[in-house]
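# Chain and residue survey
Chain residues, written in single-letter form:
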Amino acid sequence: MTIGITGFGAYLPRLRLNRKEVVEANAWFAPQLQRKGKGQRSMSNWDEDAVTLAVAACRNALPESVDRNGIARLQLVSDSLPFAERLNAGVVAGALRLPQAVYANDLCGAQSAAVSAISQLVNAARAAEASILVAASNRRTRAASPAELDYGDGSAAVTLGSDKVLAEVLSTSVLTADFVDRFRLQGEDIDYYWEERWVRDEGIGKLGTRAVSQALDNAGLAPASIDHFIFPTVFKGADAQLAQKCGIAEAAVVDNFAAQVGDTGSAHALLMLNAVLERAQAGQTILVCQFGSGVSCALLRVTEQIDGFKPVKTLAEQLAAGWEENNYTRYLAYKGQLKLERGMRGEQDKKTALSTSWRHHDSLLGFVAGRCTESGNVHFPPSRISYTPGKPAQDTQEPYPLADRKGRILSWSAEYLSSYMAPPHQYGQVDFEGGGRLLMEFTDVRPGDIESGGEVEMVFRIKDVDELRGYKRYFWKAKPTTYPAPGRIERG
Amino acid sequence: MAQGIKDKVAILGMGCSRFGERWDASPEDLMVEAYNEAMQDAGITRVQLDATWFSTHMEDVGTGRGGIPMSIALRLPNIGVTRVENFCAGGSEAVRAAVYAVASGACDIALALGVEKLKDTGYGGLPVATVGTYIPQWYPAAVAPANFAQLAAAYRVKHGIDKATLKEAISQVSVKSHANGAKNSRAHLRKEITIEQCLKAPTIAEPLGLFDCCGVSDGAAAVIVSRPEIARELGKTDLVSFKALQVAVSNGWEMSSNEWDGSYFHTARIASRKAYEEAGISKPREEISMTEVHDCFSVTEMVTMEDLGLSDEGNAWRDVLEGKFNADGAIPCQIDGGLKCFGHPVGASGIRMLYEMYLQLQGRAGERQLGNVRSGLIHNLGGQPNQNICSVSIVGRLGE
């Protein structure tokens, strides 16, 4: 039985913070960071967190051809999970409408957790259990820190199993060590890290070489046979140094997107793996490693099936579709480092009735409408009596998912009145392909991006944050499928 | 069809407070102001009241819930006070209840009073209303200007009108209302404005600017109704009576199905058709002398003219620009300034519209009195274009 990766997908938020704006704003305080003021880092929109990022990556990894009912396990790996209590993976499972019998788990604590999870999921695949592994990162950083410039936000997923394997898992290895290069106590939101040289020489240099050798030995492969070597690190050149120490060719070292994305923490190995799988050829070997409380490795060989799979949205197209963000204060505000005056309208209580949420959980998380079996009319939210004029049929609606359907904008407005983190607040009525209509919030939009008749797709996002009680509720929003060309945006 | 309400109930008296930023007045003070005028106008004492209906929308910033606040403020003689809440159409709903009560014979004299104290929120615009526990989990936290602004987006597409032309037309709606409001001593906003000012004003919700939005005001209005024979017994002549009282409420069709195009009010078309039928009106453009419509936003008033059958579909913007609804036009609209300038104390607005009709029909409107007013239409809307309560009432001289 061949076991390995059966699908993959990644997600990058559209916003890309211009590092030059950051270092210039902080130059009075941290002039030493000026040399880092090149390129961009990805940043989440205000309504994105590790959970929504994970959902987006999973959706890209699960084309329509994949039967989600066949997924037995969901592992969510993150260094920045929103909930300490409440299964974050449970939210993801609900949004994806995975079967309730899915084993869903949150994994955190080490940056290497996603790669070490591969070994567990290989074992599950041996027991005929297909799985999805997703890693997402949306870390907070302190203003004027190197981390603010080095990190990026993003997510990546792979599905594992034994059917149509695109990349066979040849071996895995792990080295668990309490090597504390970074830490963050429960309740703290920003990590603390130790000196680069020590981490590079004592950690990556010594532990890394041992773990890599072990993975190669387990598979009986020589280092020179590695075609793609994935080793995320924010230390410039540390990946190439490790490759050299291990005898891996310099040309095999995979670009870590430092220039355009930054380091997406616990998601980064899978993100780089996505980039490789998008261009890999059958027969190539891939060594994926990630450092963190030790080192985890997985050695893969690409199969002939690779040409038969394409993520719903590729990483390459998402890399190209970024919007440069030149407002550093927007970044600070979205990362909770700058408290903006929200005005009296921002004082509205966003308390969530949890009993109501559960009663309607499939509609709210899974975005499921009700379709009347007699008239075909689609209702959101589902209701006992249908609206059909003259024919108010009762108890005739069946579940009808909307998340993967496209919509068209019937009417819209952009307002500057309400307290909203990305003004103007834009929303309007969306008509769904196949029926159904909702007033929806538009996200990832600038003034001028919305027009009547425009096509939209659905994305899972944070709807409201209850700051008083510390709760987030999620729902679906509409995002344009295409944007006006730069310079053609009509303002106001 | 049922018998209808035509000429079964007449107005005994009315009152309306000054609207505006009434920093000086509590909701109780506003109620007393409208009540005193109405009682004096009717020439009755409180013991003659059989029952009352009380309209207020925002209990959390106003009077509190229930009927007790009005009973206490007016020291009513332990009679029924029923609170009516139907968004911005609550005032008309209180009137409908009082009218039906006296028409049935269960009461001889009834009072409907609406009040709203909106300026105790600490900010401009309407307070954010609560909408239960489920809706906030999926429906956008939408504000009124953006809900109504969408009419403009849909209307432009449907009728192929460019942004600039539509903006000019809706600006003219506001220019007209300001010209009218300037002549009304009880109005909130009493300054004339120009089209240029409208076009240059800050955007609130695309394409609506500051002058496309009505005033958010404090105020109260009251009406006392009875059957015509009782009114005559009380010495009243020159009676104004109800010809039609219709309400249509959305059932979710507009917001859920793909059939409604977003450019008009489904309910207004239903309510006005029924109202004309109830009043025996077959040619509204000739038989309606004037209108008070719910101009919460300029674009609402414009599209409503089509829904009421006073403009051809797709042509209201042209009628507006040509001055059809100006004070000297064919069918004057908002001669008192409308919501735009008289102001919009939510629970009182429907009764304020009736107040102007009553004055005009009795020839008591002073500087803004129109000539030859025979019948008037009141359109009072609650909610938003995709889900709303639409009340259409017609009043005129008794027996005409």
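Residues numbered from 1 in each chain as written. Chains lettered and ligands numbered in written order. Predicted model: local features only at pLDDT ≥ 70, side-chain atom pairs only at ≥ 80, totals over all residues. Heavy atoms only, no water.

### Re the domain arrangement of chain B
All names here are of chain B. As a reminder, the rule being used: Domain limits in this description derive from either an automatic procedure or a database domain assignment. Residue contacts are defined here by distance: any two heavy atoms, one from each residue, within 4.5 Å place the two residues in contact. Buried area is understood as the total, over both parts, of accessible area removed when two parts are fitted together, assessed with a 1.4 Å probe. A pairing counts as a salt bridge when a side-chain nitrogen of Lys or Arg comes within 4 Å of a carboxyl oxygen of Asp or Glu. Only DSSP runs of H or I reaching four residues or more are called helices, and only runs of E reaching two or more are called strands; each is numbered from the N terminus. Charged residues are taken to be Asp, Glu, Lys and Arg, nonpolar residues to be Ala, Val, Leu, Ile, Met, Phe, Trp, Tyr, Cys and Pro, and polar residues to be all remaining types, Gly included.
For chain B, the assigned domains are domain 1 (10–121 + 218–233) and domain 2 (143–213 + 240–397). The C-alpha-based centres of domain 1 and domain 2 are spaced at 24 Å. Tallying the contact residues gives 42 residues for domain 1 and 30 residues for domain 2. Each partner contributes to the roughly 2800 Å² buried at the junction of domain 1 and domain 2, and carbon and sulfur atoms together form 71% of this total. Looking at the side of domain 1 facing domain 2, the largest losses of area belong to Ile 11, Phe 19 and Cys 88, adding up to 24% of the total buried there. Summed over the shared surface of domain 1 and domain 2, the number is two salt bridges. The closest approach of N and O atoms between Arg 186 and Glu 37, which form a salt bridge, is 2.7 Å. Taken together, the elements giving at least two residues each to the side of domain 1 that touches domain 2 come down to β1 (10–16), α1 (27–42), α3 (90–104), β4 (109–116) and β7 (219–226). Considering each element in turn, the side of domain 1 that touches domain 2 owes the most residues, eight residues, to α3. For the side of domain 1 that touches domain 2, the per-class residue count stands at 21 nonpolar, 13 polar and eight charged.

### Remarks on the sheet that holds strand β6 (residues 130–137) of chain A
Pairing between sheet strands relies on hydrogen bonds along the backbone, with the strands arranged either parallel or antiparallel. Residue and element names in this part refer to chain A. As a reminder, the rule being used: Any two strands with at least two DSSP bridges between them are considered paired. Axis angles are defined between N-to-C directions and span 0 to 180 degrees, where every axis is a line fitted to C-alpha atoms and, for a helix, only to the segment in contact.
Strand order in this open sheet of nine strands is β5-β4-β6-β7-β1-β8-β13-β12-β11, and the pairing throughout is mixed. Whereas interior strands pair on both sides, the edge strands pair on one side only; in this sheet they are β5 (103–107) and β11 (228–230). For this sheet, the mean inter-axis angle between neighbouring strands, taken without regard to orientation, is 20°. Where β11 lies against strand β12 (residues 285–291), three bridges are found, and the strand directions are parallel. Bridge pairing in β12 places Ile 230 opposite Val 288. Packing against the sheet, helix α2 (residues 50–61) makes contact with β1 (4–11), β4 (71–78), β6 and β7 (154–161), and its axis sits at approximately 125° to β1.

### Observations regarding the domain arrangement of chain A
Interface extent is often summarised as the accessible area lost during association of the parts. Residues and elements named next belong to chain A. Heads up, the rule is: We call two N or O atoms a polar contact when they sit within 3.5 Å, provided that within protein one can donate a hydrogen and the other can accept it, with sequence-adjacent residues counted only if both atoms are side-chain atoms.
Each assigned domain of chain A is listed here: domain 1 (4–334) and domain 2 (344–367 + 402–480). Each of domain 1 and domain 2 was reduced to a C-alpha centroid, and the two centroids are 28 Å apart. Carbon and sulfur atoms supply 51% of the area that domain 1 and domain 2 bury against each other, a total of about 2200 Å² over both sides. By the criterion of area lost to domain 2, the three top residues of domain 1 are Trp 46, Arg 59 and Trp 323, representing 28% of everything that side buries. Residue Glu 48 is joined to Arg 461 by a salt bridge in which the shortest nitrogen-to-oxygen separation is 3.2 Å. Remark: the boundary between domain 1 and domain 2 carries 17 residue pairs in polar contact (both at pLDDT 80 or more). Elements supplying a minimum of two residues to the side of domain 1 that touches domain 2: α2, α3 (88–96) and α10 (328–334). Considering each element in turn, the side of domain 1 that touches domain 2 owes the most residues, four residues, to α2.

### Quick look at the interface of chain A and chain B
Contacts between the two partners involve 47 residues from chain A, matched on the other side by 45 residues from chain B. Summing both sides of the interface, chain A and chain B together bury roughly 3700 Å²; the carbon and sulfur share of this comes to 57%. At the boundary of chain A with chain B, the tally comes to one salt bridge. Here Glu 451 of chain A and Lys 163 of chain B are joined by a salt bridge, their closest N and O atoms 3.9 Å apart.

### Some details on the pattern of salt bridges
To be explicit about the condition: Buried residues are those whose accessible area, probed at 1.4 Å on protein chains only, stays under 20% of the maximum for their type, while exposed residues exceed 50% and partly exposed ones sit between those limits.
Within this structure, the stated rule accounts for 59 salt bridges over all chains. Here Glu 202 of chain A and Lys 206 of chain A are joined by a salt bridge, their closest N and O atoms 2.7 Å apart. Placement of both Glu 202 of chain A and Lys 206 of chain A in helix α6 (residues 196–219) is noted, with a separation of four residues, approximately one turn of the helix. When its relative accessible area of 36% is taken as the criterion, Glu 202 of chain A is described as partly exposed. Among the ionic pairs, Glu 313 of chain B bridges to Lys 158 of chain B, the shortest N-O distance being 2.7 Å. Note that Glu 313 of chain B is positioned in the loop between α11 (298–307) and α12 (316–321) and Lys 158 of chain B in helix α4 (residues 144–159), a separation of 155 residues in sequence. Given the relative accessible area of 45%, Glu 313 of chain B is considered partly exposed. A residue is classified by how much of its surface remains accessible, and Lys 158 of chain B, at 34% relative accessible area, is partly exposed. Linked by salt bridges that have partners in common, Asp 47, Glu 48, Glu 441, Asp 444, Arg 461 and Lys 477 of chain A make up one network.

### Quick notes on the sheet that holds strand β17 (residues 397–401) of chain A
All names here are of chain A. Taken together, three strands build an open sheet; the order of strands is β16-β15-β17 and the sheet is antiparallel. On the outer flanks of this sheet lie β16 (378–379) and β17, each paired with one strand and no other. Where strand β15 (residues 368–372) and β17 come together, five bridges link them in antiparallel fashion. Pairing of Gly 370 across the sheet is with Pro 399, part of β17.

### With respect to the packing of α4 of chain B against α11 of chain B
All names here are of chain B. The condition that has to hold: Here the angle decides the label: under 35 degrees means roughly parallel, over 145 means roughly antiparallel, 65 to 115 means roughly perpendicular, and every other value means oblique. Here a crossing is called left-handed whenever its near helix is offset anticlockwise from the far helix by less than a right angle, and right-handed whenever the offset is clockwise.
Axis separation between α4 and α11 bottoms out at 9 Å; the angle between their running directions is 50°. Comparing the axis directions of α4 and α11 gives the class oblique. Relative to α11, α4 is oriented so that their crossing is left-handed. When α4 is examined against α11, the residues Phe 148, Leu 151, Ala 152, Tyr 155 and His 159 are found in contact with a partner set consisting of Val 299, Thr 300, Met 302, Val 303 and Glu 306. Of the residues assigned to the contact of α4 with α11, the class counts are seven nonpolar, two polar and one charged.

### Re the environment of Lys 477 of chain A
Residues and elements named next belong to chain A. Mapped onto the elements of the fold, Lys 477 is located in strand β22 (residues 471–480). In the structure, Lys 477 is positioned 50 residues away from Tyr 427 in sequence and 9.2 Å away in space, judged by C-alpha atoms. The residues touching Lys 477, leaving out its near neighbours within four places in the chain, are Trp 46, Asp 47, Met 440, Glu 441, Thr 443, Glu 457, Met 458, Val 459, Arg 461, Ile 462 and Lys 463. Separated by 3.0 Å, the side chains of Lys 477 and Asp 47 make a polar contact.

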